[in-house]
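# What the coordinates show
Next come the chains, spelled out residue by residue.
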Amino acid sequence: MFKKAFFILMALSLIVPFVYAGERVVTVGGNQATRPLTDFTLATSGVGDAYYVYSADGDDGRAGKSASTALATLDTAIGKCTANQGDIIYVLAGHAEALDGADGVDVDVAGVTIVGLGYGEDMPEFTYDATADEFVIGAANVTVIGVRFVAGVSDIVMGISVEAAGDNFTLTDCVFPKPTTDSFEFLDAIDIADGANFITVENCIYYNDEGGAAANHFIEAGNGTAGPEGLRVIGNYLKGNFAVSAIWSDEPCDEAFIAGNTIINHTSGQHCIELTDSGT
């Protein structure tokens, strides 16, 4: 028994220094004999920090790390995130936020996931009350789930602006509800900049009042010299007046995949899907 315990202690004495002395871990394979211990922590292995946002009793001066210490605005929570470590922002049910200008919300931290909690009208809402208001995707690998985007004025230029850096943006289970006033609409609900590729829009619902003024597009993918590569538009319900087309591009959209959507355009003579000129 003594000999067995002695050998166990000897083995541990050989292993432990590698883990704790200098905070390095012995590795097998690859081109590094050892790696820093921090390479194996939760934050750097894709399980990042969580933040909470709630307009009713949130405070942007808080840490935002729990529902009871929620922040008041989404943009403040984004500013607390660290790029590409898998951070998640939970926007609580009943959250209501008015966007303020071209960068009302700017998701400019890569790899962030924004999750709206609640169902139907209890989903978090972001309201546009000026034509220049925007919800901007300014970094890569961003996902937005379960949010309502509400048109509160006529001729909103862009609802969601996906900038050139916004590769791999995913919009899932979001709603653009029927406007309360006929003339309120997004000219482009989603505008994809030249250079932003592999954009996915899935299981979303969009209404533009069929009796009111016409929007231009739900997705505008014809900016610049090349359309977005790998555009995926899957399982959405899109209904309204589109003066041009619900999904539109006049530039190449290589490997585009458009499937399982219901698209209704009440504008006579106009299209539901239109890839024109160089569109493929």
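Scroll up for the structure.
Residues numbered from 1 in each chain as written. Predicted model: local features only at pLDDT ≥ 70, side-chain atom pairs only at ≥ 80, totals over all residues. Heavy atoms only, no water.

Helix and strand counts for the chain come out as two helices and 24 strands. Look at the contacts in the chain between residues 6 or more apart in sequence, and 77% of them connect residues 24 or more apart. Of the roughly 13,100 Å² of accessible surface on the chain, 55% is carried by carbon and sulfur atoms. (Helix = DSSP H or I, 4+ residues; strand = E, 2+ residues; numbered from the N terminus. Contact = heavy atoms within 4.5 Å. Areas by Shrake-Rupley, 256 points an atom, 1.4 Å probe, with all protein chains shown as cover.)

The next subject is the side chain of H217. Structurally, H217 can be placed in strand 18 (residues 217-220). H217 gets classed as buried once you look at its relative accessible area, which sits at 6%. With residues near it in sequence (within four places) discarded, H217 still touches L187, D188, A189, F242, V244, S245, A246 and W248. (Buried < 20%, exposed > 50% of the residue type's maximum accessible area, 1.4 Å probe, protein only.)

The next thing to look at is the sheet that holds strand 4 (residues 88-91). Taken in spatial order, the eight strands line up as 3-4-7-10-13-16-19-22 in an open sheet, and their pairing is parallel. One side of each edge strand has no neighbouring strand; the edge strands of this open sheet are strand 3 (50-53) and strand 22 (257-259). Here the strands of the sheet are splayed against their neighbours by 10 degrees on average, with no regard to which way each runs. Here strand 7 (residues 113-116) pairs with strand 10 (residues 143-145) via three bridges, running parallel. Bridge assignment links V115 to a residue of strand 10, and that residue is I145. (Pairing = 2+ DSSP bridges. Axes fitted to C-alpha atoms, helices over the stretch in contact; angles between N-to-C directions.)

A word on the pairing of strand 23 (residues 262-265). Of the two faces of strand 23, only one is covered, namely that formed by I263 and N265; the face formed by T262 and I264 stays uncovered. Bridging between strand 20 (residues 237-240) and strand 23 involves four bridges; their strand directions are parallel. Following the sheet pairing, K239 is matched in strand 23 by I264.

Shape is all these values report; function is a separate question.
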